[in-house]
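Coordinate inspection notes
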Amino acid sequence: NSETILDIKNVSFQYPSVQEKALNNIDLKIYKGEFILLCGSSGSGKTTLAKTMNGIIPHLSNGDLEGNIVVNGLDTQKVEIHHISKHIGMVFQNPEDQIFSIRVDDEVAFGVECQGYKRPEIIKRVDYALKKLRIESISRYLNASLSGGQKQKVSIASNLAMLPSIIVLDDPTTDLDPISKQEVMDILVELKSEVDITFIVIEH
């Protein structure tokens, strides 16, 4: 009997001063260890749905939210966003939107540091994530010098280092060249078989 890790019940969302609902009565149940593809055309509400999963909606984004979203037993509307972020990681379409540090290894360490772990654990987690994403060789590089594909791998590694239960990837390969796209997808498939994380990939 599979364990439900994400339960979305009757969820609707409307942005302020927009007539159409971005989400309308969405029901979705995702089980631990699944690899889920959410696809739909641009503007169909995929990113909005992802933002309800990690608590950006309603905590950081205004609008009218109805229904219930439960991640790993936490009601995302009742729990503060920093608690939700321990359970669910998010990789955005444009890695520039979420890279905060100057160097690769600092970026991969950033989230783990924010969770309050001690230095030996941080080093262990960073090494683990760099290895899984096959980017140990660029660990001391400046993020500004990286290609789009490398930046996206760094974003995935920084999420992986936090060991969340779920990682959501929102159009992670849209801005990448065909070779980088294939590399990122190959790594995700590999991770799926190696780590106990539920992956939700959003693609159009």
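For the structure, see preceding data.
Residues numbered from 1 in each chain as written. Predicted model: local features only at pLDDT ≥ 70, side-chain atom pairs only at ≥ 80, totals over all residues. Heavy atoms only, no water.

Considerations on the sheet that holds strand β7 (residues 166-170)
Strand order in the open sheet formed by four strands is β3-β8-β7-β6, and the pairing between neighbours is parallel. The open sheet has two free edges, formed respectively by β3 (35-39) and β6 (88-91), since each of these has just one partner strand. For this sheet, the mean inter-axis angle between neighbouring strands, taken without regard to orientation, is 15 degrees. Taken together, the five bridges between β3 and strand β8 (residues 198-203) define a ladder with parallel strand orientation. Bridging from a neighbouring strand, Leu38 pairs with Ile202 of β8. Strands in contact with helix α7 (residues 178-194) are β3, β7 and β8; relative to β8, the strand with the most contacts, it is inclined by about 155 degrees. (Pairing = 2+ DSSP bridges. Helix = DSSP H or I, 4+ residues; strand = E, 2+ residues; numbered from the N terminus. Axes fitted to C-alpha atoms, helices over the stretch in contact; angles between N-to-C directions. Contact = heavy atoms within 4.5 Å.)

Quick look at the layout of surface pockets
Any empty space left between atoms is shown by rolling a water-sized probe over those atoms. Approximately 640 Å³ is the volume attributed to the largest pocket. In this structure, the largest pocket is lined by 22 residues; those nearest its centre are Ser85, Ile88, Met90, Asn159 and Met162. Broken down by element, the lining of the largest pocket gets its largest block of residues, four residues, from helix α4 (residues 104-114). Residues that form the lining of the largest pocket fall into these classes: ten nonpolar, nine polar and three charged. (1 Å grid on protein atoms, 1.4 Å probe; cavity = no way out; pocket = protein on both sides within 12 Å on 5 of 7 lines; lining within 4 Å. Points joined across faces, edges and corners; volume = space filled by probe spheres on them. Nonpolar A, V, L, I, M, F, W, Y, C, P; charged D, E, K, R; others polar.)

Examining the sheet that holds strand β4 (residues 64-71)
Pairing within the open sheet is antiparallel, and its four strands lie in the order β2-β1-β4-β5. Across the chains shown, the open sheet's two edge strands, defined by having one partner strand only, are β2 (23-31) and β5 (74-75). Pairing of strand β1 (residues 4-14) with β2 involves six bridges; the strand directions are antiparallel. Note on β2: the bridge partner recorded for Ile8 is Leu28.

Structural notes on the side chain of Ser101
With respect to the helices and strands, Ser101 occurs in the loop between β6 and α4. Once you skip the residues sitting within four places of it in the chain, Ser101 turns out to touch Asp106, Glu107, Phe110 and Asn143.

None of this, on its own, says anything about what the molecule does.
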